[in-house]
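# Coordinate inspection notes
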Amino acid sequence: MYPADLKYSKEHEWVKADGNIATIGITTHAQDELGDIVYVELPKVGTKFSAMKEFGVVESVKTVSTLYCPVSGEVTEVNPSLSSKPETVNSDPHGEGWMIRIKMTDPSELNGLLSAQDYEALIKK
Amino acid sequence: MRYIPNTRRDQDEMLSSIGVSSIDKLFVDVPSSVKINDIKSVPEEALSEMEMKDAAIQLSDKNLGGRKYVSFLGGGSYDHFIPSTVRHITGRSEFYTAYTPYQPEISQGMLTSIFEYQSMICEITGMDAANASMYDGATALAEAASLAVHHTGKKLIVVSRAVNPNYRDVLRTYANGAGSEVIEFDYVRGDGSADLKDLNNKLTSEVACVIVAQPNFIGCIEDLAKISEAAKSKGAMFIVSVDPISLGILKRPGDLGADIVTGEGQPLGLSRNYGGPYLGIFAVKKDYLRLMPGRIVGETVDSKGRTGYVLTLQAREQHIRREKAFSNICSNEALCALAASVYLATMGKSGLKEVAEQCLQKSNYAKKKLSKLLSLKAPSFKEFVIKPSRSVDQVNKKLLESNIIGGLDLGRYYPELKDNMLIAITEMVKKEDIDTLVFMLS
């Protein structure tokens, strides 16, 4: 359920690192709690974030939730398909439902995030 | 509702807990000039219903209302004709007495009317989506500026000095709390329309939005396409505050680059009501739909596939995300919006056009007759500025003796327009009324 090659935040985002590029989305658990997702508000390419700052908003039929950026860096890419198909976040949260790619300024921040095992333990609490 | 008593002991307890010695001390901020200290005129003995009615009529006869007086007073609130359908329908108790009538199970009538209102506002403004209305033109404008500040992440709001001075006050109040800054650009003196040079001087890439009124407060018509172009060239959003009646004849701001259109809906079937309740028009282009403050009614289907109406996009509404909200408006002016829908439905496209044409033609007739007194050159819609030979106060006193309510004293708002008067002419004014005004002024 939670791929071992991803890192997880306590706010239910996942990060997949490839060199200094990090792909970020929300977890299966998060999309399940939100319910049907109808809108994802994402930042513009070039926006800079420091770790755990708000980078966007995800809206479902029952609530609106803030998205936090688990690592510091600059947005290099935004998933273009989410504006017309936000439901992809429900159907494939760890894959096609990714949200942004970031060029990390400090990849060591990844060490401060949770492993798949730790994250599963967190959501079982 | 539960009855909550308020005994002397309760009052004393409350006062001592907040550390105030008497109830009167709570009202020290109210100037004594507006307080009624002498209530001896209230009779000792209770009146009969008949006597009471007489007394009330005597009081209300002091008002300069009704059709006994002709009004040339505008400046944001206008004397337009209200077809009888408006009062008939808004007076129905299903609409008139309902409180927060938004439950789709029981309020399809109200929700349908709001959906119709939103659709008609979109049509007349040329925008993609409108909300269920806001409090008034001033707050709608200030909310539009907050949207722009939130969306662009910039803090500077550039507003024309020819936007209603009261609206600019509200705008500054909102900006003050939100940490944004309001900068004004001038109109061309002697002309009355926006000073594009001054605007361009004040436009930087730090500007969130440019705000103008159409027509502006001193009656002139702005070149929206040019102002929009200037704003967009610096990445600023373009906000236009409209008089909805003018849209019967002027090009729609949505077709000229406006990102947000706001306006005062009072001319659409609402009485002047001593200044309120009024109706805040708020409409946006599609890109800003989810940033729009307030309520929105949407069309959907029920479990049997029948068309129905519900409040929609509520998840983004401010009462749910309170700590993240950039607007705290969670309500609307449903009954006033209903009046506007009935007004627009009654008038229709050709009716609205005719009202606008009458305003334009009659005010142009008056301008021609008063050409020697005109202060501004730019084309106008239903209001224009003149400088009479005496002070505005003196002129208005004289006019009142002939049952004419004169124009607005612009010196109150614009030092450079001291002794100038803003004259408003709607379809309610007859040619003879204008001739009387002209006679009295010359």
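Just so we're clear, the structure is a prediction, and the values are computed from it rather than from any experiment. (Residues numbered from 1 in each chain as written. Chains lettered and ligands numbered in written order. Predicted model: local features only at pLDDT ≥ 70, side-chain atom pairs only at ≥ 80, totals over all residues.)

### Details of the overall build of chain A
- Looking only at helices and strands, chain A features three helices and nine strands.
- Secondary structure elements of chain A occur, N-terminal to C-terminal, as β-β-β-α-β-β-β-β-β-α-β-α.
- A compact globule built from 125 residues should have a C-alpha radius of gyration of about 14 Å, and chain A, at 13 Å, falls within 12% of that.
- In terms of overall dimensions, chain A has a C-alpha envelope of 35 × 35 × 20 Å along the principal axes.
- Counting only residues that meet the buried cut, chain A has 36% of its 125 residues in that class.
- In chain A, once contacts between residues fewer than 6 apart in sequence are set aside, the share between residues at least 24 apart is 64%. (Helix = DSSP H or I, 4+ residues; strand = E, 2+ residues; numbered from the N terminus. Rg over C-alpha atoms; globule rule 2.2 N^0.38 Å. Buried ≥ 20, exposed ≤ 12 C-beta atoms within 10 Å, placed from the backbone. Contact = placed C-beta atoms within 7 Å.)

### Quick notes on the nonpolar core
All names here are of chain B.
- Core analysis: the largest hydrophobic core is formed by 120 residues, its most contacted members being Ala145, Ile157, Leu171, Cys209, Val210, Ile211 and Ile239.
- Per-element accounting of this core gives the leading share, 16 residues, to helix H10 (residues 334-369).
- The two domains that each donate at least three residues to this core are domain 1 (66-83 + 348-441) and domain 2 (85-341).
- When neighbours within four sequence positions are excluded, Ala145 is seen to be in contact with Ile157, Leu171, Tyr174, Ala175, Cys209, Ile211 and Ile239. (Core = buried A, V, L, I, M, F, W, Y, C linked by C-beta atoms within 7 Å. Domains from an automatic or database assignment.)

### A word on the sheet that holds strand S8 (residues 280-284) of chain B
Residue and element names in this part refer to chain B.
- The strand order across the open sheet built from seven strands is S2-S8-S7-S6-S5-S3-S4, with neighbouring strands paired in mixed fashion. Of all strands in the sheet, those bounded by a partner on one side alone are strand S2 (129-130) and strand S4 (181-185).
- The pairing of strand S5 (residues 207-214) with strand S6 (residues 237-242) spans six bridges and is classified as parallel. For Ile211, the partnering residue across the bridge sits in S6 and is Ile239. (Pairing = 2+ DSSP bridges.)

### Some remarks on the packing of helix H6 (residues 137-152) of chain B against helix H7 (residues 165-178) of chain B
Residues and elements named next belong to chain B.
- For the pair H6 and H7, interaxial distance at closest approach is 8 Å and the crossing angle is 40°. It follows from the interaxial angle that H6 and H7 lie oblique. In the crossing of H6 with H7, the sense of the turn from one axis to the other is right-handed. Of the residues in H7, those in contact with Gly137, Ala138, Thr139, Leu141, Ala142, Ala145, Ser146 and Val149 of H6 are Asn166, Tyr167, Val170, Leu171, Tyr174, Ala175 and Ala178.
- When grouped by side-chain class, the residues that make up the contact of H6 with H7 number 11 nonpolar, four polar and no charged. (Axes fitted to C-alpha atoms, helices over the stretch in contact; angles between N-to-C directions. Parallel < 35°, antiparallel > 145°, perpendicular 65-115°, else oblique. Left-handed = near helix turned anticlockwise from the far one by under 90°. Nonpolar A, V, L, I, M, F, W, Y, C, P; charged D, E, K, R; others polar.)

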